[in-house]
Amino acid sequence: MPVTRLLYPLFQLGNPQLRIFRPNWFLTLVRPGKEQPPDTVQFRIPMEMTKCDVKNYLEKIYNVPVGAVRTRIQFGSNKKRNHLNQKVKQPDYKVAYVQLAQGQTFTFPDIFPEKERMPTEGSMEEMQEKFMEDEKQRQKLDPRRGGVTEWFGL
Amino acid sequence: MAARTRLPLLFSKNLPPFKNQKLAHTEAAVKEPTYPPIVPSLTAKSKSARGRQVEDHVKKICASPVDEKLSLITRIQRKKFVVYPQTFARNADRWYQHFTKTAYIPGLPERFALDPEKRTGVEKEESSLPAGAQTTVPGVEIDAFADIRSLVTRMILQEHWHMKKRKPFLYREQEQMVGPFLRNLVTGLTYSLAKYNPLLPLSSLDIDPQVNFYWRRGQRIIPKGHRRGRQEPTRFQIDDQPHSQIRITQQLPQFTSLEASYAAEVPEVAFAPNLMPLFRRQYDNNIFTGAKLPDPACYGHTQFHLVPDRYHRDRMARQQQSDQVEVFLRANGLASLFAWTGAQAMYQGFWNHEDVTRPFVSQAVITDGQFFSFFCYQLNTVALSVETDANNPRKNLLWGTESLRLYESVQDGAVVGLNDDVVKLLVQFLVNQP
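Quantities reported herein were computed from a predicted structural model and do not represent experimental measurements. (Residues numbered from 1 in each chain as written. Chains lettered and ligands numbered in written order. Predicted model: local features only at pLDDT ≥ 70, side-chain atom pairs only at ≥ 80, totals over all residues. Heavy atoms only, no water.)

> When you look at the layout of surface pockets in this model, what are you seeing that I'm missing?
In this approach the atoms are scanned with a rolling probe the size of a water molecule, which exposes any empty space left behind. Residues and elements named next belong to chain B. Size it by volume and the largest pocket reaches roughly 1600 Å³. As for the largest pocket, its lining consists of 40 residues, and the residues nearest its centre are R50, V54, R216, R227 and P233. Counting only elements with at least two residues in the lining of the largest pocket, the list comes to α2 (47-63), α3 (66-73), β4 (211-221), β5 (231-240), α8 (323-347) and α9 (386-389). The element contributing the most residues to the lining of the largest pocket is α2, with 8 residues. (1 Å grid on protein atoms, 1.4 Å probe; cavity = no way out; pocket = protein on both sides within 12 Å on 5 of 7 lines; lining within 4 Å. Points joined across faces, edges and corners; volume = space filled by probe spheres on them. Helix = DSSP H or I, 4+ residues; strand = E, 2+ residues; numbered from the N terminus.)

Structural data, given as structure tokens:
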């Protein structure tokens, strides 16, 4: 809705029900920085959205049962300076903490899981890894002497 | 001169030969050298010195009379979480159970069990009253019970039918419609049941009292500041204003023994309280039961709470949060009763490091005019801070009911569908005596 220069539709008693079709708002699900209870989901939302907007958005478009919404505005820092010594502003953004209803829980998934990298046969990486392993083996001290250096002795 | 007085070395074995035999029967009194006890310093800048300061403070509090104890415990002001018994937070009862180490037991203790065997086969004299009035409360005759029923119906009709009230302003409906009804109900019932409960004539009925309690539970690491990295206990404060309460001079008997609470389960919440959401403030730490310390009616009997408009079940239904209604009632009962029983225990001199020797028991009724919920609380332990809770198997217990409807509606000057069980429970609650 809020493109440029558009006054937010304020409600007065007697106005018709506000209906927004195809909203121009996009929510971003983020991983919480601090540990949150299992029923709380954290979103970054556009500045113009309110708690009621978030609730309706999630319920109507995504069928997510929403219990309570709390929002806050995060100030983006204006402290950093660029090579011309001008202050560089990081943008402000609004964060919404949504508590799910009906006992549902949500944990933010692991998007970048660690996977075992096995290099393909006959490739450069495999040869390089083998070479590095051999080098490390050569650097290791004699296990028969319990890892003690060569020069230590009578 | 000194050389003359000294005996020569060679002589001393034989000379004098029998001198020591006179003293042979007595033992030489050997005096052990007494040193002062080795304790850590008091003023050094070290952890053991701080530990000794804390120990001395604890000993000082234990040794002082009750009013000084209270003032020493609540002396220092720091940031604390303010716990509101009537809260909008979701799943507040689990959080509050964790803060107060309370286990919730659905249903009421055996004393208040609604037994169908209690229905006597004796025919009632007044057959004009609707059926279901055959139930009796032990100790209260059927006539008196019928009187109480008519009293309750009169109260309901007075507020909802006979009195002409203006349309209530926004969010003032409960205060205007139900507040006076509850007040009349409490005063009327207390007066009628005074002859069945010898404590009630000596009791004190407070209207709109203040109940405050301050305690510490758990700790956190300070994330930032000059005290960063150190442990800080989390402090809580409850400031409650029940609608009315009855305080008595003797203590109510316990519902179960202290040892029975060892097996109860308390939900553990691993998250910080501010995620609930719960907010911190710093102001006076108060511990107050509703009357000051020298008052003879220092033990609690029953509290009555009113559900405000904001948490009325119709409004919750409009917001699709009907499941939170029961949660709200449980959280309200838990927090209010914990604060009251805790304050009663503090008034008797029990505190964090001196745990209660006998359980403190209180009851509460929470209502929004039509629906009544009954709660019983037994305080078994006040030692909730980290040092004292490490080996404390005791837990506090809360019994509670779901909300029960008192009457269906008021039509044409008559109350339709008066629920006798609820009236019976009310009577049983008020007649409860040691």
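> Is there a simple way to explain the sheet that holds strand β1 (residues 80-83) of chain B in this structure?
Strand-to-strand pairing in sheets goes through backbone hydrogen bonds, with the strands running parallel or antiparallel. Residue and element names in this part refer to chain B. Sheet architecture is open: 4 strands sit in the order β4-β5-β1-β7, paired in mixed fashion. Each edge of the sheet is formed by a strand with only one pairing partner; in this case those strands are β4 and β7 (280-281). Note: β1 against β5, 3 bridges, orientation parallel. By the bridge assignment for β5, V82 is matched with Q237. Running over the sheet, α8 touches β4 and β5 and is turned about 100° from β4. (Pairing = 2+ DSSP bridges. Contact = heavy atoms within 4.5 Å. Axes fitted to C-alpha atoms, helices over the stretch in contact; angles between N-to-C directions.)

> I would appreciate a short explanation of the pattern of salt bridges in the present structure.
Side-chain pairs of opposite charge can arise where the charged atoms are in close proximity. All names here are of chain B. Within the structure shown, the criterion is met by 18 salt bridges over all chains. Here E159 makes a salt bridge to K165, at a shortest N to O gap of 2.4 Å. Note that R217 is salt-bridged to D389, the shortest N-O span being 2.8 Å. Within this pair, whereas R217 is found in strand β4, its partner D389 is found in helix α9, the two being separated by 172 residues in sequence. Residue R217 shares its accessibility class with D389, and that shared class is buried. Connected through shared salt-bridge partners, K101, R217 and D389 make up one network. (Salt bridge = Lys/Arg side-chain N within 4 Å of Asp/Glu carboxyl O. Buried < 20%, exposed > 50% of the residue type's maximum accessible area, 1.4 Å probe, protein only.)

> I keep staring at the confidence of the model for chain B and nothing clicks. Help me out?
Close inspection of predicted coordinates is inappropriate for parts of the model with low pLDDT. Summarising the model, chain B shows a mean pLDDT of 89, and 89% of its residues fall at 70 or more. In the predicted structure, residues 116-134 of chain B sits below a pLDDT of 50 and forms 22 contacts with residues beyond four places in sequence or in another chain. (pLDDT = per-residue confidence, 0-100.)

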